[in-house]
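# Notes for the structure review
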Amino acid sequence: MTTTVTVKDFRNDVRPNWCPGCGDFSVQASIQRALASLGKQPHEVAVISGIGCSGRISGYINTYGFHGVHGRALPAAQGLKLANRDLTVIAAGGDGDGFGIGLNHFMHSVRRNMDITYIVMDNHIYGLTKGQHSPTSAHGFTAKTAPAGNIENAVVPAQIALGADIGFLAQGFSSDVNQLVSLIEQAIQYKGFALVNVFSPCVTYNKVNTYDFFRENIVNLDKVDGYDPTSRMEAMKTVIETQGLCTGLIYRDDHRQDYEDQIPGYQTTPIAQQDLQLNPEIFAETLKEFA
Amino acid sequence: MLEQLSWKVGGQQGEGVESTGETFAVALNRRGYYVYSFRQFSSRIKGGHSNDKVRVSLKQYRTSTDYTDVLLAFDQDTIDLEAGEVRTNGIVIADEKFNPTAPDHVRLFAVPLTSIAEECGSAIMKNMVSLGASAAVLGLPIETFTEVAEERFHRKGQKVVDQNTEAIRRGYEFIKEAGGADPSFALKSADGTHRLFMMGNDALALGALAAGARVMPAYPITPASDVMEYLIKKFPKVGGVVVQTEDEIAAMNMTIGAAYGGARAFTATSGPGLALMMEAIGLAGMTETPAVIIDTQRGGPSTGLPTKQEQSDLFAGMFGTHGEIPKIVLFPATPEECFYSMGEAFNLADHYQCPVIVLTDLQLSLSKQTTEPFELEKVIIDRGSIATPDMLAKERPDHGEEFKRYLLTETGISPRAFPGTQGGIHKVTGVEHSENGRPNEAVLNRTNMMDKRLHKLEGVELAGSLVRTGDNNPQVAILGMGANIGAIDEACERLREDGITAAHVHLHTLLPFPVQTLQQSLADAERVVVVENNATGQLRHLMSHFGVEHPQVSSFLKYDGSAFLPIEIHHFVKGMF
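What counts and what doesn't
- Residues numbered from 1 in each chain as written.
- Chains lettered and ligands numbered in written order.
- Predicted model: local features only at pLDDT ≥ 70, side-chain atom pairs only at ≥ 80, totals over all residues.
- Helix = DSSP H or I, 4+ residues; strand = E, 2+ residues; numbered from the N terminus.
- Rg over C-alpha atoms; globule rule 2.2 N^0.38 Å.
- Buried ≥ 20, exposed ≤ 12 C-beta atoms within 10 Å, placed from the backbone.
- Core = buried A, V, L, I, M, F, W, Y, C linked by C-beta atoms within 7 Å.
- Contact = placed C-beta atoms within 7 Å.
- Expected span 1.5 Å × (residues − 1).
- Pairing = 2+ DSSP bridges.
- Axes fitted to C-alpha atoms, helices over the stretch in contact; angles between N-to-C directions.
- Domains from an automatic or database assignment.
- Nonpolar A, V, L, I, M, F, W, Y, C, P; charged D, E, K, R; others polar.
- Parallel < 35°, antiparallel > 145°, perpendicular 65-115°, else oblique.
- Left-handed = near helix turned anticlockwise from the far one by under 90°.

## Some thoughts on the overall build of chain B
- Scanning chain B from terminus to terminus reveals 19 helices and 21 strands.
- For 577 residues, the compact-globule formula gives about 25 Å, and the C-alpha radius of gyration of chain B, at 26 Å, lands near that figure.
- Considered along the principal axes of its C-alpha atoms, chain B spans approximately 90 × 60 × 40 Å.
- Here chain B holds 577 residues, and the buried ones make up 57% of them.

Below is the structure:
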């Protein structure tokens with residue numbers, strides 16, 4: 001039995017098919033560092049991802065990995081958590097996956113509040129399909145499917161998350177790995193649904209929301225004196241004022257129960273490890289209702 | 001004395017039609033009669049005509065009768081709509097309150113149901129008055145209903161019990177005094193055997209519980225919701241969980257996530273939900289994740305006829321999802337089969353590591369019928385090929401490379417390692433993948449992996465894929481599925497009375513399609529009639545598709561939303577000779 005784990009334990013020999021310079025490399029490294037620093041064993045972790053460039057991340061980390069269909073990483077991750085509550089479950093994907101096709105599941109995952117972590121690599125563009133605008137692309141943004149400029153307004157993930165009353169909300173930036181590692185650690189340790197939305201630039205298709213763009217426009221809440229991440233009002237105000245372009249721990253509420261702890265009769269032993277044989281007495285009692 | 005009769009209660013939806021029918025049926029089931037109860041309702045909560053038809057008999061019939069002996073009407077609409085099927089000299093019991101009128105061929109008894117109920121304490125007890133009146137007409141001891149009332153109301157105190165038994169007694173006496181206790185309507189007494197009374201949906205839920213299902217994500221839909229509603233009450237006793245998801249897409253993906261995690265997981269839906277699940281069903285096939293999906297078929301397409309009978313999801317269930325995957329599709333016909341089919345479905349899903357769809361139809365899912373008690377010992381839980389921690393520690397001591405979740409084997413089946421197992425780390429992806437689950441688009445790998453998945457069910461015919469009953473070398477073999485079992489059986493009986501020999505072939509497994517078995521079971525028949533509740537003859541098409549041949553095949557189709565009556569099948573087949 002391995003007792004100490006290092007970042008190396010979370011690496012495998014797969015070379016990501018991301019473009020050189022892609023922000024997702026930092027996200028991958030940050031997840032690996034966070035898991036090692038929390039002392040997780042690789043087999044105790046599962047990464048569940050959706051479809052898109054970033055969705056490939058479950059294949060690049062040495063843990064259990066599940067790469068499902070587009071937009072549905074969260075339902076699959078929640079199912080896995082229900083089957084085995086001892087696992088550390090991380091759902092991951094891009095902004096299209098999470099806030100376009102999968103937005104419905106995001107809202108309801110927040111509401112349901114299972115103890116899982118959701119990491120979104122938000123690059124404001126569809127990369128794998130080669131450059132269409134995404135739900136987080138700004139109004140006026142030009143893309144293959146918005147040649148005259150996007151006439152839809154952007155989804156602001158942090159605002160939606162707070163609107164749905166999320167219990168843990170953080171945003172990171174691929175250029176600030178130390179902050180990102182810390183945020184992912186906190187998110188994993190948080191008992192409930194935690195979102196870490198990461199500004200993770202696409203160097204190939206998004207020439208607007210570049211590393212420089214984020215560097216110039218992001219407000220780092222770690223450096224804002226007196227910012228109180230336990231105030232939902234302050235969090236919402238900050239997100240609106242920064243148009244969502246803020247990083248750090250935005251909001252955290254440690255006074256709520258997660259979903260699993262509220263399921264009537266749900267046991268501490270994971271379902272996957274339980275004896276499935278039904279107790280004949282329970283069965284006999286049950287049949288009486290139909291007599 | 002009658003060996004069987006048909007009783008029907010009708011009124012506005014929401015005025016106690018369902019509870020009156022339920023009490024009547026439960027009471028007679030307890031006396032040892034066979035009971036079959038089918039409710040007609042519309043997709044609204046209050047208002048609109050609804051009725052519950054209950055067949056009571058000394059031998060088992062699995063469908064309603066063609067006619068009604070006794071009609072209990074809470075409003076004039078019920079008489080106007082339903083008296084036509086009351087047999088000549090049949091009895092109509094109606095509430096005096098609305099000054100009922102009835103056609104000449106029936107005998108009308110206007111009973112002050114509401115006023116008696118009010119005198120007993122409350123107008124809502126009119127259902128009890130009407131049950132008392134029914135007992136008198138049918139020559140049943142009054143205790144048939146008072147005992148059930150006592151049991152049902154004892155928690156509310158003796159006063160409520162007394163009021164209700166009094167209501168039953170007053171209804172009973174009113175009919176006696178009015179001369180409605182006609183011996184020609186009296187039922188022979190039953191032997192008092194204790195059996196269960198339930199709908200197909202209850203049996204599906206119990207089957208899942210017994211089979212070890214512990215995670216059920218689902219989205220409410222008629223006629224499937226009972227399954228989740230029942231299990232959400234039961235699961236706390238066994239540590240299971242029902243999640244009411246945001247939609248069927250989430251339900252299916254969550255089911256897959258839980259199954260991947262090592263739970264026995266399933267969902268239940270109807271046609272519209274099945275359509276939403278299709279992409280994820282492909283994911284289950286591609287990733288070889290066991291998942292059980294119940295589709296309680298209703299009238300389609302689109303919203304279609306949400307509360308009506310149909311069997312039109314055969315193609316969707318069997319062939320739905322893009323690309324090609326292995327899949328198993330079962331179609332039980334009775335509550336007993338619903339119960340045991342769930343155990344079978346989970347074992348098949350675990351063994352073949354593929355999605356298993358359990359089809360029912362609305363009539364099977366919702367009609368309540370007398371059911372033989374289920375035997376838990378007959379439900380064997382077999383999880384299939386699993387790489388346990390011990391095996392992994394022994395066989396893979398160095399943990400060097402990833403576990404080969406998709407190891408190419410002769411059977412195409414490879415061991416699963418559940419997340420959390422040391423030494424079992426591997427990848428799962430809906431992208432074409434290699435043995436360790438990593439994306440791999442190489443030509444040879446693609447062919448190998450497609451062959452691996454599809455080979456699992458190649459040439460397989462599952463035991464019990466169909467049941468044949470009736471005559472050898474028959475003039476006609478009637479082929480059917482699901483709830484039509486009762487109407488076909490009865491049609492066969494009547495054909496024999498007409499001197500036409502008949503066999504009934506009932507199909508229980510649609511995939512893998514039992515080509516050989518079906519071919520053999522039809523071979524000795526002069527003619528084959530395929531009976532199904534859809535407009536295009538899907539089962540008939542499946543025979544051609546899979547190469548089941550017979551020189552004389554006809555289709556008898558019904559897609560108006562109503563269930564087949566025995567008389568319809570009888571007349572159709574008789575007309576061919």
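## Observations regarding the nonpolar core
- Membership of the largest hydrophobic core comes to 249 residues, with the highest contact counts inside it found for L169(A), V92(B) and I478(B).
- Not counting the four nearest positions on each side in its chain, V92(B) is found in contact with L71(B), A73(B), I79(B), A83(B), V86(B), A102(B), V106(B) and L108(B).
- Formed by seven residues, the second largest nonpolar core is a distinct cluster that contains C22(A), C53(A), Y126(A) and Y205(A).

## A closer look at helix 6 (residues 158–177) of chain B
Residue and element names in this part refer to chain B.
- Here helix 6 spans 28 Å end to end across 20 residues, near enough to the 28 Å set by a 1.5 Å rise per residue.
- Looking at helix 6, one finds that the buried residues are Q163, N164, T165, E166, A167, I168, R170, G171, Y172, F174 and I175.
- Those residues of helix 6 that are buried are in contact with strand 6 (107–111), helix 3 (113–120), helix 4 (126–137) and helix 5 (143–153).
- With its phi angle positive at about 75°, G179 sits one or two positions after the end of helix 6.

## Quick notes on the sheet that holds strand 14 (residues 368–371) of chain B
Residue and element names in this part refer to chain B.
- On the basis of which strands lie adjacent, the open sheet formed by eight strands has the order 6-5-4-1-3-2-14-7 and mixed pairing. The sheet terminates laterally at strand 6 and strand 7 (196–199), the two strands that pair on one side only. For this sheet, the mean angle separating the axes of adjacent strands, direction not counted, is 20°.
- By the bridge criterion, five bridges tie strand 5 (residues 86–95) to strand 6 in an arrangement that is parallel. Within the sheet, the bridge partner assigned to V92 lies in strand 6 and is L108.

## Some thoughts on the sheet that holds strand 20 (residues 527–532) of chain B
All names here are of chain B.
- On the basis of which strands lie adjacent, the open sheet formed by five strands has the order 16-18-17-20-21 and mixed pairing. At either margin of the open sheet sits one strand with a lone partner, and together these are strand 16 (466–470) and strand 21 (553–557). Pairwise comparison of adjacent strand axes, ignoring direction, gives a mean angle of 20° for this sheet.
- In the sheet, strand 20 pairs with strand 21 via five bridges, with the strands oriented parallel. Residue pairing across strands places E532 opposite L557, the latter belonging to strand 21.
- The strands touched by helix 17 (residues 515–523) are strand 16, strand 17 (476–480), strand 18 (502–507) and strand 20; relative to strand 16, the strand with the most contacts, the crossing angle is about 10°.
- This element, helix 18 (residues 538–546), spans strand 17, strand 20 and strand 21 of the sheet and lies at about 130° to strand 20.

## Brief notes about helix 9 (residues 248–260) of chain B
All names here are of chain B.
- In this model helix 9 runs 18 Å from its N-terminal to its C-terminal C-alpha over 13 residues, within 8% of the 18 Å that 1.5 Å per residue would give.
- The element helix 9 is largely enclosed, with a buried count of 13 among its 13 residues.
- Phi turns positive, to about 110°, at G262, one or two residues after helix 9.

## So, the domain arrangement of chain B
All names here are of chain B.
- By the assigned domains, chain B splits into domain 1 (4–185), domain 2 (198–378), domain 3 (385–458) and domain 4 (466–574).
- A C-alpha centroid distance of 25 Å is found between domain 2 and domain 4.
- On the side of domain 4, 20 residues touch domain 2, which itself brings 24 residues to the contact.
- Elements represented by at least two residues in the side of domain 2 that touches domain 4 include exactly helix 11 (314–319), strand 12 (328–330), strand 13 (355–361) and helix 13 (362–366).

## What about the interface of chain A and chain B?
- Each partner contributes residues to the interface: chain A has 49 residues there, and chain B has 57 residues.
- Secondary structure elements with two or more residues in the side of chain A that touches chain B: strand 1 (45–49), strand 2 (64–67), helix 2 (73–83), helix 4 (103–112) and helix 10 (280–288) of chain A.
- The leading source of residues in the side of chain A that touches chain B is helix 2 of chain A, at eight residues.
- Residue composition of the side of chain A that touches chain B, by class: 27 nonpolar, 19 polar and three charged.

## Side note on the environment of V356(B)
All names here are of chain B.
- Mapping V356 onto the fold places it in strand 13.
- With 27 C-beta atoms counted inside 10 Å, the residue V356 sits in the buried group.
- On a C-alpha basis, the gap between V356 and P301 in space is 22 Å, while along the polypeptide they are 55 residues apart.
- Discounting residues that sit within four places of it in the chain, V356 has contacts with V292, I328, L330, A345, L348 and A349.

## Details of the packing of helix 1 (residues 24–37) of chain A against helix 6 (residues 177–189) of chain A
Residue and element names in this part refer to chain A.
- Helix 6 packs onto helix 1 with a crossing angle of 55° between their chain directions and a minimal axis gap of 8 Å. With respect to their mutual orientation, helix 1 and helix 6 come out oblique. As helix 1 runs across helix 6, the sense of the crossing is right-handed. Packed against helix 1, whose contacting residues are S26, A29, S30, I31, R33, A34 and S37, the element helix 6 presents V177, L180, V181, I184, E185 and I188 at the interface.

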